[in-house]
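Understanding the architecture of this molecule
Below are the chains, spelled out letter by letter.
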Amino acid sequence: MFNALIVEKDEDGKTAAGVQRIEIDQLPAGDVTVAVEYSTVNYKDGLCIGPGGGLVRNYPHVPGIDFSGTVEASDDPRYAPGDKVVLTGWRVGEVHWGGYAQKARVNADWLVPLPNGIDTRHAMAVGTAGFTAMLAVMALEDHGIKDGPVLVTGAAGGVGSVATAILANLGYDVAAVTGRPETADYLTSLGATQIVAREDINETTKRPLEAEAWGGCIDAVGSAMLARVLGQMKYGASVAAVGLAGGADLPATVIPFLLRGVNLLGIDSVMQPYENRLRAWERIAKDLPMAKLDAMIQPAILSDLPDLGRDILQGKVKGRIVVDVNG
Ligand code: NDP
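Model, not experiment: these values are computed from the prediction.

Procedures and definitions
Every chain is numbered independently, its residues counted from 1 as its sequence is written. Per-residue local features of the predicted model are confined to residues with pLDDT of at least 70, and side-chain atom pairs are confined, for both listing and counting, to 80 or more; whole-chain, interface and lining totals are unaffected and use all residues. With hydrogens and water set aside, each side-chain value is computed from the structure's full complement of heavy atoms. Note on bend: the value at a residue is the angle between axes fitted to the seven residues ending there and to the seven starting there. Secondary structure is summarised from DSSP: a helix means a run of H or I of at least four residues, a strand means a run of E of at least two, and numbering begins at the N terminus for each. Only protein chains enter the accessibility calculation, which uses a 1.4 Å probe; a residue is then buried when its area is under 20% of its type maximum, exposed when over 50%, and partly exposed in between. Note on method: axes are straight lines fitted to C-alpha atoms, helices fitted across the in-contact stretch only, with angles between N-to-C directions ranging 0 to 180 degrees. In this scheme, roughly parallel covers angles under 35 degrees and roughly antiparallel covers those over 145, while 65 to 115 is roughly perpendicular and the rest are oblique. Here a crossing is taken to be left-handed if its near helix is turned anticlockwise relative to the far helix by less than a right angle, and right-handed if that turn runs clockwise. We call two residues in contact when some of their heavy atoms are within 4.5 Å. Under the convention adopted here, Pro, Cys and the residues Ala, Val, Leu, Ile, Met, Phe, Trp and Tyr are nonpolar, Asp, Glu, Lys and Arg are charged, and Gly plus all remaining residues are polar. Where each domain starts and ends comes from a domain assignment, either automatic or drawn from a database. Buried area is a sum: the accessible area each of two parts loses on coming together, probed at 1.4 Å, counted once for each and added. A pairing counts as a salt bridge when a side-chain nitrogen of Lys or Arg comes within 4 Å of a carboxyl oxygen of Asp or Glu. Here a polar contact is recorded for every N or O atom pair within 3.5 Å, except that within protein the pair must consist of a potential hydrogen donor and a potential acceptor, and residues adjacent in sequence are included only if both atoms are side-chain atoms. Proximity is defined per residue: any heavy atom of the residue falling within 4 Å of a molecule or strand makes that residue near it. Computed by Shrake-Rupley with a 1.4 Å probe, the accessible areas treat only the displayed protein chains as cover when residues are assessed. Note on definitions: the grid is 1 Å and covers protein atoms alone; a cavity is a set of points where a 1.4 Å probe fits but cannot get out; a pocket is an open set with protein on both sides within 12 Å along at least five of seven lines; lining residues have an atom within 4 Å of a point. Think of it this way: a molecule belongs to a cavity or pocket when more than half its atoms come within 2 Å of the grid points there. Should DSSP find at least two bridges between two strands, the strands are regarded as paired.

So, about helix α2 (residues 120–143). By the largest-angle criterion, Gly127 marks the main kink of α2, which is about 70 degrees. Burial runs high along α2: 20 of the 24 residues are buried. Residue Gly144 follows α2 closely and has a positive phi angle near 90 degrees.

Given below as structure tokens:
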């Protein structure tokens, strides 16, 4: 038997999460069984653990949209016992049982072999948020980053922290937007060269275009923040839209697209094909200093998850929560 965080739903539709001992036979079908070592807490996990169950499609459920660990058994020739692997996306932790357990059984197609240069703990310091940050960096590179600072919004959060560290390591000037001034030293330690107060970007303006300021942007916030940033981009620059921590609406005009040729690039980490995931993880191992990842880690164990799920939905988490499922 092994430990798992199980979310259950009662007849009135109320959900509750707690650590239980379960049997391997209870795991869903899949061709690879993984001894999970680490998982993380992403914004989506907050929704899945919290009241109402968010994105969970079946109960009882083991949330955890990402994990790293060691293959224990495999019916697929691509994986053998002892291989180190990482999983993000594919609706694991929402539809299929996820990483908040000491074992997981999944489809081999959803896994990626962990590249050299990164261990299972650092892989989950990256996790879905950091993997998405790398996809966003790659999308900006594909479209060309213009001269001038690259803006990162929601910078003290998971996506923002990793995006800041990767961009700084690649040599870009990073302007980090945060609503928490107390995180300035942290963001500077990750490589941000400029700290921008959230309200300085967020304050409303009726002008659809402002002075050209940013050579690129990774936006984890959406809504008024994204709308305002679009009007501040340099001619032909791109915004990689990653998240909606500030809301799902977009109160913008088409003017930045028409008069400044701004590109809005949508980033989806969930359905990325295998080749893209492998390329992104290889870039992470190469372009993200592990010492910077260490500075982002907030350690946790399975029984901490109900509280941490609440914290991330309230924008209170700094950096990346790494859950030691055997802790
Ligand atoms: P976090 O909660 O770790 O970070 C979000 C950050 O956004 C906060 O730390 C805060 O940063 C800022 N923020 C929160 N609320 C507001 C607000 N109301 N207005 C302005 N800023 C706000 O989440 P993640 O970094 O893990 O995820 C960020 C977003 O990206 C989420 O919406 C998530 O669902 C999405 N996401 C999307 C993925 C994809 O595939 N597209 C994959 C992973 C995540 P600060 O305190 O510095 O201001």
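Running from amino to carboxyl end, α2 crosses helix α3 (residues 158–169) at an angle of 50 degrees, the nearest separation of the two axes being 8 Å. Considering the angle they form, α2 stands oblique to α3. Taken as a pair, α2 and α3 cross one another with a handedness that is right-handed. Taking contact as the criterion, the partners of Ala129, Gly130, Ala133, Met134 and Val137 in α2 are, on α3, Gly158, Val159, Val162, Ala163, Ile166 and Leu167. Residues that form the contact of α2 with α3 fall into these classes: 9 nonpolar, 2 polar and no charged.

It is common to give the size of an interface as the accessible area lost on bringing the parts into contact. What the domain assignment reports for the protein chain is domain 1 (2–114 + 291–324) and domain 2 (128–266). Using only C-alpha atoms to locate each centre, domain 1 and domain 2 end up separated by 29 Å. On the domain 2 side, the residues contacting the 14 residues of domain 1 number 17 residues. Interface area lost by domain 1 to domain 2 is led by Lys292, Met296 and Lys318, which between them contribute 40%. Linking domain 1 to domain 2 there are 0 salt bridges. Linking domain 1 with domain 2 are 6 residue pairs in polar contact (both at pLDDT 80 or more). No other element matches helix α9 (residues 290–296), which puts 3 residues into the side of domain 1 that touches domain 2. Broken down by class, the residue content of the side of domain 1 that touches domain 2 amounts to 5 nonpolar, 4 polar and 5 charged.

The immediate surroundings of the ligand are formed by 26 residues, with Thr178, Gly179, Arg180, Ile267 and Ser269 found nearest. Taking Ala156, its main chain carries an N or O atom lying 3.0 Å from an oxygen atom of the ligand. Between the ligand and Gly179 there is a distance of 2.7 Å, counted from an oxygen atom to a backbone nitrogen or oxygen. Taking 920 Å² as the accessible area of the ligand by itself, protein coverage stands at 87%. The pocket occupied by the ligand, as judged from atoms lying within 2 Å of grid points, is the largest pocket. If you list the elements that add at least two residues to the shell around the ligand, you get α2, α3 and β9 (174–178).

The omega torsion across Tyr59 and Pro60 is -10 degrees, close enough to zero to call that bond cis. Considering the arrangement of structural elements, one finds Pro60 in the loop between α1 (43–49) and β4 (66–74). Unlike most non-glycine residues, Trp90 shows phi in positive territory, near 60 degrees. Position of Trp90 relative to the elements: it lies in the loop between β5 (84–88) and β6 (103–106). For Arg91, which is not a glycine, the phi torsion comes out positive at approximately 65 degrees. Mapped onto the secondary structure, Arg91 falls in the loop between β5 and β6. For Arg91, a relative accessible area of 34% puts it in the partly exposed group.

A few words on the sheet that holds strand β11 (residues 216–219). Hydrogen bonds between backbone atoms are what pair the strands of a sheet, whose relative direction is either parallel or antiparallel. One open sheet accounts for 6 strands, arranged β10-β9-β8-β11-β12-β13; its pairing is parallel. On the outer flanks of this sheet lie β10 (194–197) and β13 (263–266), each paired with one strand and no other. Strand-to-strand twist across the sheet, computed as the mean angle between neighbouring axes with direction ignored, equals 20 degrees. Lying on the sheet, helix α6 (residues 223–230) is in contact with β8 (150–152), β9, β11, β12 (238–241) and β13; it crosses β12 at an angle near 165 degrees.

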